[in-house]
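Chain residues, written in single-letter form:
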Amino acid sequence: MSTDKKILVDNTMWMYLGKIVSQILGLVASVLVIRKLPVDDYGTYLFIFGLFFIYQLLITSPIKHLLLRFVPELRSKKQYLPLKYLLLTTFFGAIVLIVVFTLCLVLFREQIMPFFNLSQFYLFVNAFVVFVLAYAMANYFESLLSAYLLHKWIAFIKVLVVVVRSVSYFVLYNKLGVETLLFIEAGVSIVSVLLALFAIYFKVLPELIKFRAIQNSIVIVKQRMWRFWSLSLFSELGYGIIGRTSDQYIIAAMSNPYYVGLYGFSLKVFEIVYKILPLREFESVLKPVFFKKFSKKTASSVLNDYYLFIIKVILPVLIFPLLYFLIFGKGLIIHVFDIKYIEAYRLTVIALLSICLNACFYPLSMLVQLKERVEIILYTRIVAVFSITMGVFLMAKIGIVGVAIASLLGELFKNLLMLVLFRKYVKLKYDWSVLMRYFLILLLSVALFLPFYSYQQELMFLVLGSLILPLIYFLTLINYHSFTPEELRRLETILMSSNKTARLYARINPIILKLKF
């Protein structure tokens, strides 16, 4: 049994089991907030909350990439001095940068916020400062725990955080507003930080003490880390300009909080899909294992094989949310959220479509980081010029749907450019028949429900369809999947590497065999 496969499966399962509980509560809490707040207030809250995106670009994301890339390598090689340097530098560096940036934002708020039609920011500035400091540190410690493969702890922390947040929403429901929501997020972030420190004390510090006697050269590793961090920083800056969250700044500057709220609703559905599906957790588990497995020189054919295999696993999972929302989205908005967000239907479809397109390039950035060619990601940020220009142009011509389309095209062009540049180092090739097969499955599934289009907004159609569609989709995938016999054996090996998934697979596999035509 492969240790790497067992770690991958066990940690992903722990993360996802934690999600089952947390996302049920989180979904209920999100619906409460969406239904409680007027669209413009919801837009104001999302814009202020989204200001953390700037911190993410400049501080937490580059540090996260740095930790995920180098902590597994330094631990496997028992390089104590570089590891100590990495942890201390990222921790204190993050604190200094967060404090300095917050001070700048607060001091110049009167010059910045009117540009985004948010002149009342001064009412929420205290809540924002507390929130952003706590939330940033919670993000840092989650990245550190992820780099150490402590996903059981992360799962436990996330469940507890969602419970605390949900209970707070219920208790303070009548007082829910922008300021209250920011203070609640600050409170749950502090809980997350305290629990993470507890895990670090018992799991990380003992290993550092154990490795302390081992003396290693730090100069070469330090140079690699600083290079990787600087390229990641500039890369994240470009990603933020192309990314969907930054679209809110264009909308805020060219319209008002109402349209920010509509666009924010589509982002919330986008976020819910990402939270329900174990994509981020799978990536946080996969990256350290992947870097450890392929840290030595590996043939391009082997990397290409794994690249396609990961896409084949991920793509059908990500197609389903788009398929479901295309058919039942309007009914879902009316009966679960609120009819006041019905205008956000097309925005949400575009956002979910982007998930499917990104799935076609899902492992690409991981391969780029493996080869430490982060400059490639930086070069692709030239697409930001297109994304901004097209976003402003289409916003003026067709409204917020145009911003969503510009963001979708920007992400697609960015990924295509990254693929072209990276092929200089690894000859990646696609099996286009795989993409066409899943595209046809999507079209045929939508066509199957077209005769019932007039019932799209009916509650009964939503309930029955939500039960029938997953069964049809699952049956279709079983009989028309794109895995080769060798890939099926690999997938089975991964599932059998953990006792938990092995028992589950033993129960499900006979059913799958019976459903095959």
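Above: the structure in question.
In this report, we go over the structure that sits alongside the text. (Residues numbered from 1 in each chain as written. Predicted model: local features only at pLDDT ≥ 70, side-chain atom pairs only at ≥ 80, totals over all residues. Heavy atoms only, no water.)

### Quick notes on the overall build of the chain
Right, so step 1: Looking only at helices and strands, the chain features 23 helices and zero strands.
Right, so step 2: For the chain, buried positions account for 52% of its 517 residues.
Right, so step 3: Taking contacts inside the chain between residues at least 6 apart in sequence as the whole, the part at least 24 apart equals 85%.
Right, so step 4: When the accessible surface of the chain is totalled, it reaches about 24100 Å², and 69% of it is carbon and sulfur. (Helix = DSSP H or I, 4+ residues; strand = E, 2+ residues; numbered from the N terminus. Buried < 20%, exposed > 50% of the residue type's maximum accessible area, 1.4 Å probe, protein only. Contact = heavy atoms within 4.5 Å. Areas by Shrake-Rupley, 256 points an atom, 1.4 Å probe, with all protein chains shown as cover.)

### Let's talk about the nonpolar core
A general feature of soluble globular proteins is that nonpolar side chains tend to end up buried together.
Right, so step 1: Counting 150 residues, the largest nonpolar core has F47, L67, F128, Y148 and Y307 as its most contacted members.
Right, so step 2: The greatest single-element share of this core, amounting to 18 residues, is contributed by helix α14 (residues 300-337).
Right, so step 3: Those residues within four positions of Y307 in sequence are excluded, and the remaining contacts are C360, F361, P363, L364, L367, L419, L428 and Y430. (Core = buried A, V, L, I, M, F, W, Y, C linked by side-chain atoms within 4.5 Å.)

### Topic: the pattern of salt bridges
Right, so step 1: For the structure shown, the criterion picks out two salt bridges.
Right, so step 2: Here E142 and K158 are joined by a salt bridge, their closest N and O atoms 3.3 Å apart. Of this pair, E142 sits in helix α6 (residues 125-147) while K158 sits in helix α7 (residues 151-171), and the two are 16 residues apart along the sequence.
Right, so step 3: For E142, a relative accessible area of 33% gives the class partly exposed.
Right, so step 4: With a relative accessible area of 30%, K158 lands in the partly exposed category. (Salt bridge = Lys/Arg side-chain N within 4 Å of Asp/Glu carboxyl O.)

### Remarks on a nonpolar patch on the surface
Right, so step 1: Taken together, the side chains of L88, F92, I95, V99, L103, L107, F108, I112 and L133 define a hydrophobic patch exposed on the protein surface, amounting to about 800 Å² of accessible area.
Right, so step 2: Of the residues forming the nonpolar patch, the biggest block, six residues, is contributed by helix α4 (residues 80-107).
Right, so step 3: By the element assignment, F92 lies in helix α4.
Right, so step 4: The partly exposed category is assigned to F92, whose relative accessible area is 48%. (Patch = residues over 30% accessible without salt bridge, like charges linked within 9 Å, V, L, I, M, F, W, Y side chains within 5 Å.)

### Concerning helix α12 (residues 257-276)
Right, so step 1: Along its 20 residues, α12 runs 27 Å from first to last C-alpha, staying within 8% of the 28 Å computed at 1.5 Å per residue.
Right, so step 2: Among the 20 residues that make up α12, 14 are buried, leaving the element largely enclosed by the rest of the structure. (Expected span 1.5 Å × (residues − 1).)

### So, the packing of α14 against helix α21 (residues 459-480)
Right, so step 1: Look at α14 against α21: their axes get within 10 Å of each other, and the N-to-C directions meet at 170 degrees. Looking at the two axes, α14 sits roughly antiparallel to α21. Seen from α14, the contacting residues are P316, I319, F320, L323, Y324, I327, F328, G331, L332 and H335; seen from α21, they are L459, F461, L462, G465, S466, L469, P470, Y473 and L477.
Right, so step 2: Its residues assigned to classes, the contact of α14 with α21 shows 15 nonpolar, four polar and no charged. (Axes fitted to C-alpha atoms, helices over the stretch in contact; angles between N-to-C directions. Parallel < 35°, antiparallel > 145°, perpendicular 65-115°, else oblique. Nonpolar A, V, L, I, M, F, W, Y, C, P; charged D, E, K, R; others polar.)

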